[in-house]
Amino acid sequence: MTSPKIAIPTLAETGEATEEEVINKVAKARQAYSSWHRLSYRARANHLLEVRRKLIKNLDEIVDLIVEETGKVSTEAIVNEILVTCELMSYYARRGEGFLRTQRVPVGIAIHKWAEVRYQPLGVVAVISPWNYPFVLTMGPVATALFAGNTVVLKPSEVTPRVGVAIGRLFASMDEFADIVQVVTGGGKVGQALITQPVDKIAFTGSVQTGKSVMKAAADNLTPVLLELGGKDAMIVLADADLDRAAAGAVWGAFTNCGQTCMAVERVYVLEDVYEPFLNKVVEITNKVREGQGDSADIGALTYERQYDIVQHQLEDALQTGAKVLAGGNSMRVGTRKSISPTVLVEVSPDTEMMQQETFGPLLPITKVSNVEEAIQLANQSSFGLSASVWGKNKKTIQQVVYELKAGSVSVNDVMISYAIPSLPFGGVGASGFGRTHGREGLLEFCAVKAVAHDWLGLKREPHWLPLPRWLGKTAKLYLKARYG
Ligand code: NAD
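Procedures and definitions
- Residues numbered from 1 in each chain as written.
- Predicted model: local features only at pLDDT ≥ 70, side-chain atom pairs only at ≥ 80, totals over all residues.
- Heavy atoms only, no water.
- Helix = DSSP H or I, 4+ residues; strand = E, 2+ residues; numbered from the N terminus.
- Buried < 20%, exposed > 50% of the residue type's maximum accessible area, 1.4 Å probe, protein only.
- Contact = heavy atoms within 4.5 Å.
- Areas by Shrake-Rupley, 256 points an atom, 1.4 Å probe, with all protein chains shown as cover.
- Lys, Arg positive; Asp, Glu negative; His and termini not counted.
- Charge placed at Lys NZ, Arg CZ, Asp CG, Glu CD.
- Near = heavy atom within 4 Å.
- Polar contact = N/O pair within 3.5 Å; in protein donor to acceptor, adjacent residues only side chain to side chain.
- Nonpolar A, V, L, I, M, F, W, Y, C, P; charged D, E, K, R; others polar.
- Domains from an automatic or database assignment.
- Pairing = 2+ DSSP bridges.
- Salt bridge = Lys/Arg side-chain N within 4 Å of Asp/Glu carboxyl O.
- Patch = residues over 30% accessible without salt bridge, like charges linked within 9 Å, V, L, I, M, F, W, Y side chains within 5 Å.
- Axes fitted to C-alpha atoms, helices over the stretch in contact; angles between N-to-C directions.
- Parallel < 35°, antiparallel > 145°, perpendicular 65-115°, else oblique.
- Left-handed = near helix turned anticlockwise from the far one by under 90°.
- Right-handed = clockwise from strand over helix to strand, strands pointing away.
- Buried area = accessible area lost by both parts, 1.4 Å probe.

**Here we look at the overall build of the chain**
Summing up its helical and strand segments, the chain has 17 helices and 18 strands in all. Overall size of the chain, expressed as C-alpha extent along the three principal axes, is 80 × 65 × 35 Å. Out of the 485 residues belonging to the chain, those deemed buried represent 54%. Taking the intrachain contacts of the chain between residues at least 6 apart in sequence as the baseline, contacts between residues at least 24 apart amount to 74%. When the accessible surface of the chain is summed, it comes to about 21900 Å², and 55% of that surface belongs to carbon and sulfur atoms. Put simply, the chain has 51 plus and 51 minus side-chain charges, and the middle of one group is 12 Å from the middle of the other.

This is how it looks when you write it as structure tokens:
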């Protein structure tokens, strides 16, 4: 019997891994693969559900660790990270076997054959994760890769390495299959060392800039990559929207996790008919948001100083070019961290960094538009395309907006909820990356698709083999004319 508790890692245990350590961990994961991938889906799922039970036995300590490393409030860690992860694991435990079941497929003209599509594991998957949701954005791809039968080498963000090591320990503390998740800690150099190893897939979540380096490095070994990158998500408020709900949604979507969410609301476009009342409601709710620590706070702080500098720079840049602050806008200290209060802005010029680049902080620029077409056009005026939201009642208009928006996911009269629905695939278009996590597509992302054709008739030779029979060309021609002419 293993102990129900894992040892919570200290900072001293998260040093920069050497290249040799990275090579050894990849080799260990490869060795673990030889037995893990041979298990039935049910056996793998049962093991992963045991790991989940272990997570719950360590829930308080892991939540405290997430809070300590990120500066978010504990409710955010519990709901947005642990709960979402556990639901995803339930979903794959229940449905994954069906998704990976071998499929018989039609054979077309080859009636003396039968054919099947198989979904097999890839091998060793390198998971590289960011700091903003260090649990769900790490455990999500790790668990999914494992459900599909792969083993994993994980490199968590250097900003939140202890959460990554704790995830590794949940697996390592099991009696069986203790080596299916290997963890290497450190910064970009360690990430680079990992992706240049002979791994079978790289699942990367992080910035566009790093995503590009990852893809370039992966090209050398032709390693397939899944890239979950940044966003600049737009929210469109139509004239018939429920303004109370839309305003509350905008405030949560922009400020939860102190705005450090890839699919946070970063731009709002509001139809002019409802602009003023919407704005007033957003400001009113924003003024009530409590930033701080502990149970009395609604949101925590910016996680680290680099993020504070980016957000502060974007704010100053917008103010210099005529933007107006209607709420917030103040720098503050939250415990040991520097942060900025939830900030609502108007008249932000479309060519400012705040409207062009990802902010990843608590800034909410709101823009008035004269019609739906203008809202769609402005929303799509971004290189990013992670997610978006539309708020209104007219079904036809909503369908039009959903169709036209350049985004991997769209929430209707809601925000960011698509991520919490495990059956919905998550991922972006454009600079937000490609590939999907969650849903059937997310599990298949970690599989090799193998096409298998079987002969059942057993002819001594096929008609199209050599030497070619004279009648074949003529007969095929007659067939083409009769069938497709
Ligand atoms: P980042 O790109 O700086 O780092 C991400 C990870 O990559 C870290 O573990 C880092 O150590 C590693 N890394 C850095 N250089 C590397 C290299 N050359 N080779 C390999 N690995 C390397 O991103 P971040 O600041 O940690 O995270 C914030 C970014 O992540 C934001 O842009 C945010 O939008 C994005 N993000 C995207 C999603 C999504 O699902 N689409 C989710 C969360 C965050």
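Additional details are given in the paragraphs that follow.
**Quick look at the site of the ligand**
Near the ligand lie 30 residues; those nearest to it are Glu 158, Ser 207, Thr 210, Leu 229 and Glu 358. Between the ligand and the protein, one listed contact pairs an oxygen atom with a side-chain N or O atom of Trp 131 at 2.8 Å. In this structure, Arg 306 approaches the ligand through a side-chain N or O atom, which is 3.4 Å from an oxygen atom. When the ligand is considered free in solution it has 850 Å² of accessible area, and contact with the protein chains removes 91% of it. Of the residues forming the shell around the ligand, the biggest block, four residues, is contributed by helix 7 (residues 188–195). Of the residues contributing to the shell around the ligand, the split by class is 13 nonpolar, twelve polar and five charged. Counting only domains with at least three residues in the shell around the ligand, you end up with domain 1 (11–229 + 436–448) and domain 2 (233–423).

**Description of the pairing of strand 16 (residues 409–412)**
By the alternation rule, side chains of strand 16 split into Ser 409 and Ser 411, which are all buried, and Val 410 and Val 412, of which none is buried. Note that strand 15 (residues 387–391) and strand 16 share four bridges and pair parallel. Residue pairing across strands places Val 390 opposite Val 412, the latter belonging to strand 16.

**Comments concerning the pattern of salt bridges**
A full pass over the atoms with the stated rule returns 19 salt bridges. Of the charged contacts, one joins Asp 200 and Arg 30 as a salt bridge, the two residues approaching to 2.8 Å between their closest N and O atoms. One end of the pair, Asp 200, is in the loop between helix 7 and strand 6 (201–205); the other, Arg 30, is in helix 1 (residues 19–36), and 170 residues separate them in sequence. Residue classification places Asp 200 among the partly exposed positions, given a relative accessible area of 23%. What makes Arg 30 partly exposed here is its relative accessible area of 32%. The shortest N-O distance in the salt bridge between Lys 113 and Glu 462 comes to 2.7 Å. One end of the pair, Lys 113, is in strand 2 (residues 113–121); the other, Glu 462, is in the loop between strand 18 (447–455) and helix 17 (471–484), with 349 residues separating them in the sequence. Several salt bridges share partner residues, and in doing so they unite Lys 113, Asp 455 and Glu 462 into one network.

**A look at the environment of Ala 178**
As for its placement among the helices and strands, Ala 178 is situated in the loop between helix 6 (161–172) and strand 5 (181–183). Taking the relative accessible area as the measure of exposure, Ala 178 reaches 25% and is therefore partly exposed. Considered as a pair, Ala 178 and Gly 168 are ten residues apart in the sequence and their alpha carbons are 9.3 Å apart. Apart from the residues lying within four places of it in its own chain, the contact partners of Ala 178 are Phe 171 and Ala 172.

**Topic: the side chain of Ser 157**
Here Ser 157 is to be found in the loop between strand 4 (151–155) and helix 6. Residues in contact with Ser 157, not counting those within four places in the same chain, are Ser 129, Pro 130 and Trp 131.

**Quick look at a nonpolar patch on the surface**
Taken together, the side chains of Ile 109, Tyr 479, Leu 480 and Tyr 484 define a hydrophobic patch exposed on the protein surface, amounting to about 450 Å² of accessible area. Inspection of the secondary structure assignment puts Tyr 484 in helix 17.

**What about the packing of helix 9 (residues 243–255) against helix 10 (residues 272–286)?**
With their axes 9 Å apart at the nearest point, helix 9 and helix 10 run at an angle of 50 degrees to one another. Relative to helix 10, helix 9 is oriented oblique. For the element pair helix 9 and helix 10, the recorded crossing hand is right-handed. Touching Leu 243, Asp 244, Ala 246, Ala 247, Ala 248, Ala 250, Val 251 and Phe 255 of helix 9 are Val 274, Pro 277, Phe 278, Lys 281, Val 282, Ile 285 and Thr 286, all from helix 10. Tallied by class, the residues present in the contact of helix 9 with helix 10 amount to twelve nonpolar, one polar and two charged.

**With respect to the sheet that holds strand 1 (residues 103–105)**
The antiparallel open sheet is built from three strands, whose spatial order is 1-2-18. Every interior strand has two partners, whereas the edge strands, strand 1 and strand 18, have only one. Looking at each pair of strands side by side, their axes are set apart by 25 degrees on average, direction ignored. The pairing of strand 2 with strand 18 spans nine bridges and is antiparallel. If you follow Val 117 over to strand 18, its bridge partner there is Ala 451.

**Comments concerning the pairing of strand 15**
Burial within strand 15 is extensive, with five of its five residues counted as buried. Burial of strand 15 is two-sided: the residues Ser 387, Ser 389 and Trp 391 facing one way and the residues Ala 388 and Val 390 facing the other way are all buried. In the sheet, strand 8 (residues 233–237) pairs with strand 15 via four bridges, with the strands oriented parallel. Bridge pairing in strand 15 places Met 235 opposite Ser 389. Of the crossover connections in this fold, the one passing from strand 15 over helix 14 (residues 395–404) to the parallel strand 16 is right-handed.

**Digging into the domain arrangement of the chain**
Examined at the domain level, the chain breaks down into domain 1 (11–229 + 436–448) and domain 2 (233–423). Computed from C-alpha atoms alone, the centre-to-centre distance between domain 1 and domain 2 is 30 Å. Taken over both partners, the interface formed by domain 1 and domain 2 buries close to 2000 Å², and the fraction arising from carbon and sulfur atoms is 54%. Together, Val 73, Glu 76 and Trp 131 form the three largest contributors to the area buried by domain 1 at its contact with domain 2, with a combined 26%. Here domain 1 and domain 2 share twelve residue pairs in polar contact (both at pLDDT 80 or more) between them. Elements that contribute at least two residues to the side of domain 1 that touches domain 2 include exactly helix 3 (59–70), helix 4 (74–99) and helix 5 (136–147). Here the residues of the side of domain 1 that touches domain 2 sort into twelve nonpolar, seven polar and six charged.

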